[in-house]
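Coordinate analysis (summary)
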Amino acid sequence: MSSSWSSRTRTTRVIAGTAAALAVLTACGGSGDSGTSKDSAGPVTLTFWGWAKGSKDVVAAFNASHDDIRVVFEEIPSGTAGGYAKISNAVKAGNAPDLVSIEYSSLPEFVSSGALQDIGDRFTEADRAKLLPQAVELTTLGGRSWAVPFDAAPQAFYYRKDLFAKYGVEVPKTWDAFKSAAEKVKKADAKARIATFFPDDPTTFEAMAWQAGAQWFKAENDTWKIDTTDPATTRVANYWQGLLDADLVHMDASFSPEWTGSLKNGTTIGYLGASWGAGVLKGTLPEQSGKWAVAPMPNWGTPASGMLGGTSFAVTKGSKKKAAAVEFAEWMSTTEAGVKARIASGTSSAFPAATALRPVAKSVFDASYYGGEDIYALFEQSGATIQKNWAWGPSTGTTNTTIKDQFGKIAQGGPTIADAVRAGHDATVAELTKRGLKVEG
């Protein structure tokens, strides 16, 4: 494993700054008092909301192997597709589940709104030591522990190796080569495109900006510095605008019938995703087994990756069952049985934050779909190159909603990607200012 990937100091400066700026916010967060005492004797019934692939199977395995805790699972839409709104509304109404899935990018916003409990008294330093330090740091805000990290999500490029071979296209290692490959695909088949721009999913764009070295949120003392128009982001925005203007990529909503249909009929032959995407493709297109392969994300000249997604498990402020909730979350994240149950479902290719369990995930995942390729070795390689200076701010919902709305308006001669990202910047500054925070940007 790369020493850069395992070093605790890699993101310390960024996270420390974020923690300082969040200190004021976390004062209004869950106090952590609720449920700190030992849960009542006898079986404890937990409610858990999430959307990650394999969750239902994990819950079933846990319930089959535990008599003291019973988990009731409800699958909800992914966070950006309505899941976060559902969680927030439930917290406000006082009927939230005990445990929820929250991606690293959205955790600061839930913490700052007071929706979660500090779990530091249950999720100990010994527990945290089992997990990737960077993931632990992303869940440690204001000096408190707010969630149990589950996975990391380095970027990856999935491609139809049979069609790449048919069209004589080499797998691109750089973004310049990606554009050339896109031109070649279109020339070979006028209806085919190398990949898709997702107007409904700003997180994919953010991961590419992260990969390029952008830093949208930076906390210094008590001030948030916001910049979504830095040179790295501008480079990525202009690049993708050029691909759209030249009609070299499709523009469909992520995981929509249109996108899935284009994969099925071969008019989309690549997918710019993350480690978890391997399970998505396998579950969505089982009939294409053996036709797909995985490669590192194209880069700007030096191997690099952002993180697209990444899940943690957090206890809501109203739960009286924190001890049991954390026990279940840790079982999912840090035990061989938990990881096996998820990966064995056949729909998950999660890359565990528990580094010792990655060989377990690899051994359980059926890689025959990818021709036996060692995709976990590739994820490990990509994970080692995740850019270190990215941090998330406390208003991701506002940022992403604004960018998503503007992405939907992109058209020839109309609004551009750069316009959308700038709108996200302005909305973020306005939102943080409204909250009474010091902002520069």
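Each residue is numbered by its place in its chain's sequence as written, counting from 1. Reporting of local features is limited, given that this is a predicted model, to residues whose pLDDT is at least 70; pairs of side-chain atoms are given and counted only at 80 or more, and all residues count toward the totals for whole chains, interfaces and linings. Processing note: side-chain calculations cover all non-hydrogen atoms of the structure and skip hydrogens and water entirely.

Let us look at the overall build of the protein chain. Across its full length, the protein chain holds 19 helices and 17 strands. For 441 residues, the compact-globule estimate of 2.2 N^0.38 gives 22 Å, and the protein chain sits close to it at 21 Å. Any two residues having at least one pair of non-hydrogen atoms within 4.5 Å are treated as being in contact. Nonlocal contacts in the protein chain, meaning residues at least 24 apart in sequence, comprise 80% of its contacts between residues at least 6 apart. In short, Shrake-Rupley with a 1.4 Å probe defines the accessible areas, and a residue's cover is counted only from the protein chains shown. Taken as a whole, the protein chain presents about 16800 Å² of accessible surface, with 52% of it coming from carbon and sulfur. Charged side chains in the protein chain number 44 positive and 45 negative. The centres of these two groups are separated by 1 Å. Here a strand is any run of E in DSSP of at least two residues, a helix any run of H or I of at least four, and the numbering for each starts at the N terminus. Note on method: radius of gyration uses C-alpha positions; expected globular size equals 2.2 Å times residues raised to 0.38. The charge count includes Lys and Arg as positive and Asp and Glu as negative, but it does not include His or the ends of the chains. A charged residue contributes its charge at one atom only: NZ of Lys, CZ of Arg, CG of Asp or CD of Glu.

Bringing the pairing of strand β2 (residues 69-75) into the picture now. If a strand is regular, its side chains alternate between the two faces of the sheet. Two strands are said to pair when DSSP picks up at least two bridges between them. Note that strand β1 (residues 44-50) and β2 share 7 bridges and pair parallel. Its bridge partner being in β2, Phe48 is matched across the sheet by Phe73.

What follows is about the nonpolar core. Only buried Ala, Val, Leu, Ile, Met, Phe, Trp, Tyr and Cys residues count toward a nonpolar core, and they belong to the same one when joined by side-chain atoms within 4.5 Å. Only protein chains enter the accessibility calculation, which uses a 1.4 Å probe; a residue is then buried when its area is under 20% of its type maximum, exposed when over 50%, and partly exposed in between. In this structure, Tyr158, Phe178, Ile194, Trp240, Tyr370, Phe379 and Ile417 are the most contacted members of the largest nonpolar core, which totals 114 residues. Ignoring anything within four residues of it in the chain, the contact list for Tyr370 reads Tyr158, Lys161, Gly277, Ala278, Leu281, Lys282, Trp292, Ala293, Val294, Phe365 and Ile375. Core analysis: the second largest hydrophobic core is formed by 18 residues, Ala90, Phe110, Val111 and Trp146 among them.

Sheet architecture is open: 5 strands sit in the order β2-β1-β3-β15-β6, paired in mixed fashion. A strand with exactly one partner marks an edge of an open sheet, and here the two such strands are β2 and β6 (148-149). Of the strand pairs in this sheet, β6 and strand β15 (residues 311-315) are connected by 2 bridges, and their pairing is antiparallel. Pairing of Pro149 across the sheet is with Ser312, part of β15. Every angle, taken between N-to-C directions, lies between 0 and 180 degrees, and every axis is a line fitted to C-alpha atoms, over only the stretch in contact when it is a helix. Taken strand by strand, helix α3 (residues 55-65) contacts β1 and β2, and its axis lies near 165 degrees from that of β2.

The set of residues buried in helix α4 (residues 83-93) consists of Gly83, Tyr84, Ile87, Ala90 and Val91. Angularly, the buried residues of α4 cover 130 degrees about the axis, an arc narrow enough to put them on a single face. For α4, the exposed residues set more than 90 degrees away from the buried face come down to Lys92 and Ala93. After α4 finishes, the residue Gly94 shows a positive phi value of roughly 80 degrees. This arc describes the spread of directions from the helix axis toward the C-beta atoms.

A few words now on unusual backbone geometry. Phi at Asp247 takes a positive value of approximately 55 degrees, unusual for a residue other than glycine. Looking at the secondary structure, you find Asp247 in the loop between α11 (231-245) and β12 (250-251). A residue is classified by how much of its surface remains accessible, and Asp247, at 37% relative accessible area, is partly exposed. Backbone geometry at Phe255 places phi at a positive 60 degrees, although glycine is not the residue there. Turning to its location among the elements, Phe255 is positioned in the loop between β12 and α12 (257-264).

When a carboxyl oxygen of Asp or Glu lies within 4 Å of a side-chain nitrogen of Lys or Arg, that pair is called a salt bridge. With the rule as written, the count across this model stands at 17 salt bridges. Put simply, Lys340 and Glu336 hold a salt bridge, and the shortest N to O gap is 3.1 Å. Taken as a pair, Lys340 and Glu336 lie in helix α15 (residues 336-343) at a separation of 4 residues, close to a single helical turn. Lys340 gets classed as partly exposed once you look at its relative accessible area, which sits at 34%. In the salt-bridge network here, residues are joined through shared partners; they are Glu109, Glu431, Lys434 and Arg435.

What follows is about the confidence of the model for the protein chain. Reading fine detail from the predicted coordinates is not recommended where pLDDT is low. For every residue, the predictor assigns a confidence score, pLDDT, that lies between 0 and 100. With 91% of its residues at a pLDDT of at least 70, the protein chain reaches an overall mean of 90. Contacts of residues 1-21 to residues separated by more than four positions or lying in other chains number 55 contacts, the stretch itself having pLDDT below 50. Segment residues 23-39: pLDDT under 50, and 44 contacts once partners within four positions in sequence are set aside and those in other chains are kept.

As a further point, take empty space enclosed by the protein. The way it works is a 1 Å grid over only the protein atoms, where trapped points that fit a 1.4 Å probe form a cavity and open points with protein on both sides within 12 Å along at least five of seven lines form a pocket, and then any residue with an atom within 4 Å of a point lines it. Grid points are joined across faces, edges and corners, and a volume is the space filled by probe spheres set on the points. Enumeration according to the criterion identifies 5 cavities of 30 Å³ or more in this entry. Roughly 70 Å³ of volume is contained in the second largest cavity. Considering the residues around the second largest cavity, the lining is formed by Glu103, Ser105, Thr203, Met307, Leu308, Gly309 and Trp392. Of the residues assigned to the lining of the second largest cavity, the class counts are 3 nonpolar, 3 polar and 1 charged. Following the grouping adopted for this structure description, the nonpolar residues are Ala, Val, Leu, Ile, Met, Phe, Trp, Tyr, Cys and Pro, the charged ones are Asp, Glu, Lys and Arg, and the polar ones are all others, Gly among them.

This part covers the packing of aromatic side chains. Pairing of aromatic rings covers Phe, Tyr and the six-membered ring of Trp, with a centre-to-centre limit of 6.5 Å; geometry is then stacked below 30 degrees between planes, edge-to-face above 60, and tilted otherwise. Counted by the stated rule, this structure contains 40 aromatic pairs. With centroids separated by 6.2 Å and ring planes inclined at 40 degrees, the aromatic side chains of Trp175 and Trp300 adopt a geometry described as tilted. Taken together, the residues span a long stretch of sequence, with Trp175 in helix α9 (residues 175-188) and Trp300 in the loop between β14 (292-295) and β15 at a distance of 125 residues. The exposure class of Trp175 is buried, given its relative accessible area of 2%. Here Trp210 and Trp392 contribute two aromatic rings whose centre-to-centre distance is 6.1 Å and whose plane-to-plane angle is 75 degrees, an arrangement assigned as edge-to-face. Here Trp392 lies in the loop between α17 (375-383) and α18 (396-407) and Trp210 lies in helix α10 (residues 202-211), a separation of 182 residues in the sequence. Of the residues examined, Trp392 reaches a relative accessible area of 10% and is grouped as buried. Connected via pairs of aromatic rings, a cluster forms that spans Tyr158, Phe198, Phe255, Trp259, Tyr271, Trp276, Phe351, Phe365, Tyr369, Tyr370, Tyr376 and Phe379. For a ring to carry a charge above it, either NZ of a lysine or CZ of an arginine must fall within 6 Å of the ring centroid while also lying within 35 degrees of the normal to the ring plane. Here Lys86 stacks its cationic end above the ring of Trp49, 4.9 Å away from the centre of that ring. The ring of Phe150 carries Arg342 above its face, with NZ or CZ at 4.6 Å from the centroid.

Once that is clear, we can look at the packing of α3 against helix α14 (residues 322-334). α14 packs onto α3 with a crossing angle of 115 degrees between their chain directions and a minimal axis gap of 11 Å. Crossing geometry of α3 relative to α14 is assigned as right-handed. Contact with α3, carried on its side by Val58, Val59, Ala61, Phe62 and Ser65, involves Phe328, Trp331 and Met332 of α14 and no other residues of that element. Its residues assigned to classes, the contact of α3 with α14 shows 7 nonpolar, 1 polar and no charged. If you view the pair so one helix is near and one far, a crossing is left-handed when the near helix is turned anticlockwise from the far one by less than a right angle, and right-handed when it is turned clockwise.

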